[in-house]
Every structure is written in C-alpha cells, then in structure tokens.
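# Secondary and tertiary structure notes
Residue strings, one per chain:
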Amino acid sequence: MARKIGVMGMGNVGATVAHIIVAQGLADTLVLFDEIEKKVTADTLDFQDAASLLPTHTEIINGQIEDMKDCDVIISAIGQIKKLNQSNTVERTAELKYNALSIKTISEKLKTSGFNGILIVITNPNDVIADLYQKYSGLSKEKIFGTGTYLDTSRMKRHVGKALNVDPRSIQGYVLGEHGNSQFTAWSTVRIMGRPFTEIAQEKQIDLNKLDQDTRFGGGQVFVGKGYTNYAIATAATNLMQIVLSDARSEVICSHYNKKLDTYISSPAIIGRHGIEATFDLPLTTTEIDQFEKSAAIIKASTKDYA
Ligand SMILES: NC(=O)c1ccc[n+]([C@@H]2O[C@H](COP(=O)([O-])OP(=O)(O)OC[C@H]3O[C@@H](n4cnc5c(N)ncnc54)[C@H](O)[C@@H]3O)[C@@H](O)[C@H]2O)c1
C-alpha cells in the first residue's frame, strides 16, 4: 500500500525530516507545507533534482494542509526557532504564544479536511503543543503524540554510554516527564549488561546528577553552537513514523495523553498503526513518581492558558 506522509514546517527540522524520508525511501508520496512558499518551492525542486540519483522513487508535492487529508502520518515541525534565539534562554516555552496560534489555524484546516491519520508533533513546547493539537483538531488522543523525551532519552544513553565506553544502543531506560527543564532520568529504569546502572555507577563512582544535568541541557549545547537542533530530532521523528507505518507495536517513549494526570507527558507506550496502542505504568520509585507528577503540573500550567 502506498505510504503518504506530510511535513508541516520546512525550517531546519522539517527540511531534515523530509531529507531523511526521501534519502531513505520511507514514503511513496511526500507533501511539504510551509507558510514561506518560495522555500517549499525551492526544496521541492531540490528534491526533484535528486530523483534520478536516488535508489527509490518519492513523489514530492508542494502542497497545502488540504493535500495532507489522506496522509498516513503528518509530522508537525512548525515553529519559529528565532523566538528561542531572541529570548536569551533555552526555555522551550518561549515559542508557545506564537506556535499555539499557528497550530490553531492548522488544526482547524486539518479538521475540515477530514484527516484521520497519525499526527507526530515535534513543535515546541512539545507536550503543550501535542495537547493543544488534540484539543483544537478533535482527533482522538491515540492519534496524536509528541516526540517528547525520546530525544532526551537518546541523549541520556549517549552520556551513560560514554561513561562506560559502550555503544549507547546497549543502554535501556528512560528520561521521563516534560520535554523541557522538569524532565528527569528515571535511574530505576536504566540498565546495562543485565544490571541496574545505579549499581555500576556506585562501583565506578559515576556522578548520576551530572549525567542527568548533561542530558537535560544537551539540546542547549547544540543550540548554542548553531542556533537550532535538527539531526537527532529528525531521526527520532522518522523512527516514530516508521514504527507507525510498519505497525510495529514497539515500546517507545513519547509524549502522549496520560489519563491519570490529564495531560500530555512522556512515558513509554506501545506504538503501532493506530498511534498509541497501549499505555502502562512503570514501576518507579516514590521520588520518581513525585518528579513525574511535578513535571505534569508544570506542563498543565502552560497548557491551560491556550486550551
Ligand atoms: N521536540 C524536540 O525535541 C525539538 C527539537 C528541535 C526543534 N524542535 C522544535 O521544532 C520546531 C521547528 O524548529 P526549526 O529549527 O525547524 O524552526 P524554524 O524556525 O527553522 O522552522 C519553522 C518553520 O515553520 C514555519 N511556520 C511557522 N508557522 C507556520 C504556519 N502557521 N504555517 C506554516 N508554516 C509555518 C516557518 O515558516 C519555518 O519555516 C520548533 O518549534 C522547535 O522548537 C523540537
């Protein structure tokens, strides 16, 4: 069956997402949309120029939201990263006012179009925007999720892997909560070589607080260097997209609706063709549960002004 994907927002992140999709042949049809029309026209031509050089065929459409109505997956990379540059902070809520307004209009168009696929949200502040997309578009909660702390979890694996001199892919575990400053590494979930990482850290005198801080501010480090981040987040989003397209039913961390806390927030879920296929509670420590609930309260406080 033909795979049709939409990318909304063709800035640093959206363009990288589109490039991964085209270069890896992950879609049969790719619809690109941005309010800066000449940028999308140029990107479309640029991709079309590569067509004869690629091993797979992708039809690229320079489109509108309406052209995405029958997409299997739409990825939201709408934003205005300059707001973050101007705010002199790496606080992701700096974009909230602008992005909430943008996605309200977009959600209305999606609703009118009858779109009923999966919406993967990259746009920041991620948990708040995923929640607002759901409220504004009326799509079911299972069909909308954010990349959330999938990227932060990968950053944590980088730091733990570096501390032990092992491939980050060998590390299991999660960074939970907000994709923002209240996130935390749930050390009780982190394991390697069949053992809890906390035990190994104690033996090797590895400072867990430092690793957690390095993870939390990892995005900031990249941001300071080039004014945006793109490769890791685009890889995270396209991974999630592939899990949906192949109906893999994988356990992955992402920002999804938490019924008990009544907010979008990151914890692992089972993802497949219908989006969030199943949710579950991790066996966390009481301190971690407290951190998770505090993080949820921070997200909810930001959401309520726009809901
Ligand atoms: N979730 C994460 O881990 C993560 C990581 C990196 C970036 N981000 C977020 O992704 C978003 C994009 O980042 P970027 O660096 O590509 O930003 P950018 O400013 O380079 O690109 C955003 C694009 O969205 C377009 N846009 C904005 N409002 C629009 C609207 N209403 N209609 C159509 N197009 C619109 C802009 O024209 C621009 O091309 C930001 O919100 C950023 O904070 C999230």
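See the structure shown above.
Scope of this entry: the structure provided in the associated data block. Within each chain, residue numbers correspond to sequence positions counted from 1 in written order. Reporting of local features is limited, given that this is a predicted model, to residues whose pLDDT is at least 70; pairs of side-chain atoms are given and counted only at 80 or more, and all residues count toward the totals for whole chains, interfaces and linings.

### Describing the pairing of strand 2 (residues 29-33)
Residues in a regular strand point their side chains to alternate faces of the sheet. This is how the line gets drawn: Exposure in this text rests on C-beta crowding, where 20 or more other C-beta atoms within 10 Å of a residue's own make it buried, 12 or fewer make it exposed, and counts in between make it partly exposed. The C-beta atoms are placed from the backbone. Under the scheme used here, helices are H or I runs from DSSP no shorter than 4 residues and strands are E runs no shorter than 2 residues, and both carry numbers assigned from the N terminus. Two strands form a pair only when DSSP identifies at least two bridges running between them. Handedness is read with the strands pointing away from the viewer; a crossover is right-handed when the path from the first strand over the helix to the second is clockwise.
Most of strand 2 is tucked away: four of the five residues are buried. Of the strand pairs in this sheet, strand 1 (residues 4-8) and strand 2 are connected by five bridges, and their pairing is parallel. Residue Ile5 lies in a different strand from strand 2, and its bridge partner there is Leu30. With respect to chirality, the unit in which strand 2 leads through helix 2 (residues 37-50) into the neighbouring parallel strand 3 (residues 59-62) is right-handed.

### Quick word on the nonpolar core
Applied cut-off: Connectivity within a nonpolar core runs through C-beta atoms within 7 Å, and the core itself is a set of buried Ala, Val, Leu, Ile, Met, Phe, Trp, Tyr and Cys residues. The source of the domain bounds is an automatic or database domain assignment. Our contact criterion uses C-beta atoms placed from the backbone: two residues qualify when those atoms are within 7 Å.
Formed by 79 residues in total, the largest nonpolar core has its most connected members in Val7, Leu30, Ile75, Ile120, Ala237 and Leu240. Looking at this core, the element that brings in the most residues is helix 10 (residues 231-245), giving eight residues. Lining this core are residues from two domains, each supplying at least three of them: domain 1 (4-146) and domain 2 (150-303). Once you skip the residues sitting within four places of it in the chain, Leu30 turns out to touch Ile5, Val7, Ala18, Ile21, Val22, Thr58, Ile60 and Ile61.

### Overview of the sheet that holds strand 9 (residues 195-196)
Strand pairing in a sheet relies on backbone hydrogen bonds, with the paired strands running either antiparallel or parallel. Filter applied, for reference: In this analysis an axis means a line fitted to C-alpha atoms, helices contributing only their contacting stretch, and an angle means the value between N-to-C directions, from 0 to 180 degrees.
Strand order in the open sheet formed by three strands is 7-8-9, and the pairing between neighbours is antiparallel. Edge positions in the sheet fall to strand 7 (172-176) and strand 9, since each has one partner strand and no second. Alignment of strand 8 (residues 184-192) against strand 9, held across two bridges, turns out to be antiparallel. The residue of strand 9 that forms the bridge with Ile192 is Arg195. Lying on the sheet, helix 6 (residues 150-164) is in contact with strand 7 and strand 8; it crosses strand 7 at an angle near 130 degrees. Each of strand 7 and strand 8 touches helix 8 (residues 208-216); the most contacted strand, strand 8, lies at about 115 degrees to it.

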